[in-house]
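Summary of structural features
So you can see what is in the structure, the chains are spelled out below.
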Amino acid sequence: MKIFLGADHGGYELKTKIIEYLSQIGEYEIIDMGCKSEESCDYPEFGSGVAREVVAHEGSFGIICCGSGIGISMAANKIKGARAALCNSLELAILGRQHNDANILALGGRTNFIDDPLEIVHIFLHTQPDMSDRHVRRRMQLNKL
Ligand code: RB5
């Protein structure tokens, strides 16, 4: 499974930890799309860049981080077909996958988490979408917007 990762300077440290974590598991093809340091940079480039790759590679996931997680998720969700979910808990990660079939996980590197962000990554990657009619219908409506 391909996983595209992106961050601005506010999410750089968390992105680095996630890459280390996923590399240790060894099951994923990890594509780090930057940024490459904590030097100030702009989140729209990285959120949209990851989203374009995720949409282009069916079955892949994106993980994006900025300071709050808000700006980079907004940038990702500008790309048609991207469904980025900003999650600070296991509950939101599970719901984002089950109800929304989120294909991108957004995290705020400078925010307080309810649960460990690495556990959030794990549960996000291991939760399947709920295929009940109502959820499928709503996701189809989302895709048409
Ligand atoms: C960068 O200072 C910060 O504004 C950015 O990481 C993010 O929080 C924006 O939504």
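Given the structure is predicted, the values throughout are model-derived calculations rather than measurements.

1. Observations concerning the overall build of the protein
Helix and strand counts for the protein stand at six helices and five strands. Shown N-terminal to C-terminal, the secondary structure of the protein runs as helices and strands in the order β-α-β-α-β-α-β-α-β-α-α. Expected size for 145 residues packed as a compact globule is a radius of gyration near 15 Å; at 14 Å, the protein falls within 12% of this value. By principal-axis analysis of the C-alpha atoms, the protein measures approximately 45 × 30 × 30 Å. The 145 residues of the protein split such that 44% are buried.

2. Some details on unusual backbone geometry
Cis geometry is found at the peptide bond from Gly34 to Cys35, where omega equals 5 degrees. Mapped onto the fold, Cys35 is located in the loop between β2 (29–32) and α2 (43–56). Even without a glycine there, the phi angle at Asp101 is positive, about 50 degrees. On the secondary structure map, Asp101 appears in the loop between α4 (90–98) and β5 (104–108).

3. As for the packing of aromatic side chains
Evaluation of the coordinates by the stated rule reveals one aromatic pair. Taking the centre distance of 5.6 Å and the plane angle of 70 degrees together, the rings of Phe61 and Phe124 count as edge-to-face. Taken together, the residues Phe61 in strand β3 (residues 61–66) and Phe124 in helix α5 (residues 117–125) connect sequence positions 63 residues apart. Across the pair, exposure class does not vary: Phe61 and Phe124 are buried alike. Here the basic side chain of Arg97 rests over the ring of Phe124, its NZ or CZ set 5.8 Å away from the ring centre.

4. What to know about the pattern of salt bridges
Taken as a whole and assessed by the stated rule, the structure comprises six salt bridges. Across the pair Lys36 and Asp32 runs a salt bridge, and its minimum N-O distance is 3.9 Å. By relative accessible area, Lys36 is classed as exposed at 59%. Linking Asp101 and Arg83 is a salt bridge whose minimum nitrogen-to-oxygen distance equals 3.4 Å. Residue Asp101 is found in the loop between α4 and β5, and its partner Arg83 is found in the loop between α3 (70–77) and β4 (84–86); the two are separated by 18 residues along the sequence. Ionic contacts of the salt-bridge type, sharing partners, join the residues Lys15, Asp32 and Lys36 into one network.

Definitions and cut-offs
- Residues numbered from 1 in each chain as written.
- Predicted model: local features only at pLDDT ≥ 70, side-chain atom pairs only at ≥ 80, totals over all residues.
- Heavy atoms only, no water.
- Helix = DSSP H or I, 4+ residues; strand = E, 2+ residues; numbered from the N terminus.
- Rg over C-alpha atoms; globule rule 2.2 N^0.38 Å.
- Buried < 20%, exposed > 50% of the residue type's maximum accessible area, 1.4 Å probe, protein only.
- Phe/Tyr/Trp six-rings, centres within 6.5 Å; stacked < 30°, edge-to-face > 60°.
- Lys NZ or Arg CZ within 6 Å of the ring centre and 35° of its normal.
- Salt bridge = Lys/Arg side-chain N within 4 Å of Asp/Glu carboxyl O.

Interpretation in functional terms is not warranted from these geometric data alone.
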